[in-house]
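# A look at the structure
The residues making up each chain are set out below.
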Amino acid sequence: MKKRLSLLLCLLLIFCLCACGGAEYPKSDDFSVDVPADEILASVKEGGWVVTENSRVRAGEELMHAFYDACMRGESGSVSIASYYTLDPERVSAELYAQEKDSYPRIFLTELSFDGEEYRVVTRWSIEAEPETDARYPYLLHLEGDAPVPYALYDRYDRYVLAENAELTMEKIDRELLSSAPLPDGGIGRYDIVYSNLIGEGGRSGQ
């Protein structure tokens, strides 16, 4: 009887520890500048991070959506995002590939937070100690839509964008990027695409 009671108590203790002590995952600053991009990628894929490879989500998509939903309810919180990129010699010029190939693969580590009033984004290239971005924005926008041209290498996009302008759209961003002159409305203000998931293989997959 005593053995059974001891066993039950041990099981109860284990259950309580598991329920109360969630797994802890690394943050951006936990990765030193000498850790290879592929090693960081493997680590963040283990959990606790939103992970994209060449702008296609590979892990943690639900974390990004949950963070956005919580922010829309006015709840403070944070989310970690890893954006990994390779350089494809078939999609860039031979000259560019020769110049840049030694700096790939690259991984950018982002800590995105919301304090109930504004958003802060801190992003660093993994091989640099200092962040290349540390900025605040009033809005986080969820923008979805079809590829802007039929010959794009994807069919649809799903993006989260920090912005100064609540009326910002991907159409406005594309227009300004392609235009040599400012937009008639005076421009679109600062923005930062913190999450980009490209869906499909292009050619509107099946059309």
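Let me begin by describing the structure that accompanies this report. (Residues numbered from 1 in each chain as written. Predicted model: local features only at pLDDT ≥ 70, side-chain atom pairs only at ≥ 80, totals over all residues. Heavy atoms only, no water.)

## Overview of the sheet that holds strand β2 (residues 56-59)
Filter applied, for reference: DSSP-based pairing: two strands are paired if at least 2 bridges between them are found. Strands here are runs of E lasting at least two residues and helices are runs of H or I lasting at least four, both read from the DSSP assignment and numbered beginning at the N terminus. Interaxial angle, 0 to 180 degrees, is taken between N-to-C directions of lines fitted to C-alpha atoms, where a helix line uses only the stretch in contact. Whether two residues touch is decided by their heavy atoms; if any such pair falls within 4.5 Å, the residues are in contact.
Strand order in the open sheet formed by 6 strands is β2-β1-β3-β4-β5-β6, and the pairing between neighbours is mixed. The open sheet has two edge strands, β2 and β6 (133-137), and neither has a second partner. On average, each strand axis in the sheet is tilted by 25° relative to the strand beside it, whichever way the strands run. When strand β1 (residues 50-53) meets β2, the two strands line up antiparallel, connected through 3 bridges. Residue pairing in the sheet places T52 in a bridge with V57 of β2. The strands touched by helix α2 (residues 37-44) within the sheet are β1, β3 (77-85) and β4 (106-114), with β4 carrying the most contacts at an inclination of about 40°. Sheet strands in contact with helix α3 (residues 61-72) are β1, β2, β3, β4 and β5 (119-125), and its direction is about 145° off that of β3.

## What to know about the pattern of salt bridges
The following threshold applies: Each reported salt bridge corresponds to a side-chain nitrogen of Lys or Arg within 4 Å of a carboxyl oxygen of Asp or Glu. In this scheme, a residue with accessible area under 20% of its type's maximum is buried, one over 50% is exposed, and one in between is partly exposed, where area comes from a 1.4 Å probe on protein chains only.
What the rule picks out here adds up to 9 salt bridges. Notably, a salt bridge pairs K45 with E53, separated by 2.5 Å at the nearest N-O pair. K45 sits in the partly exposed class, given a relative accessible area of 39%. The buried category is assigned to E53, whose relative accessible area is 17%. Residue R190 pairs with E164 through a salt bridge whose shortest N-O separation is 3.1 Å. Of this pair, R190 sits in the loop between α5 (170-178) and β9 (191-199) while E164 sits in the loop between β8 (156-163) and α5; the two residues are 26 residues apart in sequence, bridging distant segments of the chain. R190 gets classed as partly exposed once you look at its relative accessible area, which sits at 37%.

## Side note on the environment of H142
Where we set the bar: Identification of polar contacts relies on pairs of N or O atoms within 3.5 Å, with a donor-acceptor requirement for protein atoms, meaning one able to donate a hydrogen and the other able to accept it, and with residues adjacent in sequence counted only if both atoms are side-chain atoms.
Here H142 is to be found in strand β7 (residues 139-146). According to the relative accessible area criterion, H142 is partly exposed, its value standing at 25%. Along the sequence, H142 and V161 sit 19 residues apart, while their C-alpha atoms lie 6.5 Å from each other. Residues in contact with H142, not counting those within four places in the same chain, are H65, Y68, D158, R159 and Y160. A polar contact of 2.5 Å, which involves the side chain of H142, links it to the side chain of D158.

## Points about the packing of aromatic side chains
Quick reminder of the rule: Two rings from Phe, Tyr or Trp (for Trp, the six-membered ring) form a pair when their centres are within 6.5 Å of each other. A pair whose planes differ by under 30 degrees is stacked, one over 60 is edge-to-face, and the rest are tilted. Here, a charge over a ring means that NZ of Lys or CZ of Arg falls within 6 Å of the ring centre while also lying within 35 degrees of the ring normal.
With the rule as written, the count across this model stands at 6 aromatic pairs. Pairwise contacts between aromatic rings join Y68, Y160 and Y195 into one cluster. The aromatic ring of Y137 is capped on one face by R190, whose charged end is 4.3 Å from the ring centroid.

## Examining the sheet that holds β9
The strand order across the open sheet formed by 3 strands is β7-β8-β9, and the pairing between neighbours is antiparallel. Of all strands in the sheet, those with a lone pairing partner are β7 and β9, marking the two edges. When the angles between neighbouring strand axes are averaged without regard to direction, this sheet yields 15°. As defined by bridge partners, β7 adjoins β8 across 8 bridges and the pair is classed as antiparallel. Residue pairing for β8: L141 is matched across the bridge by V161.

Read these as geometric descriptors, not functional statements.
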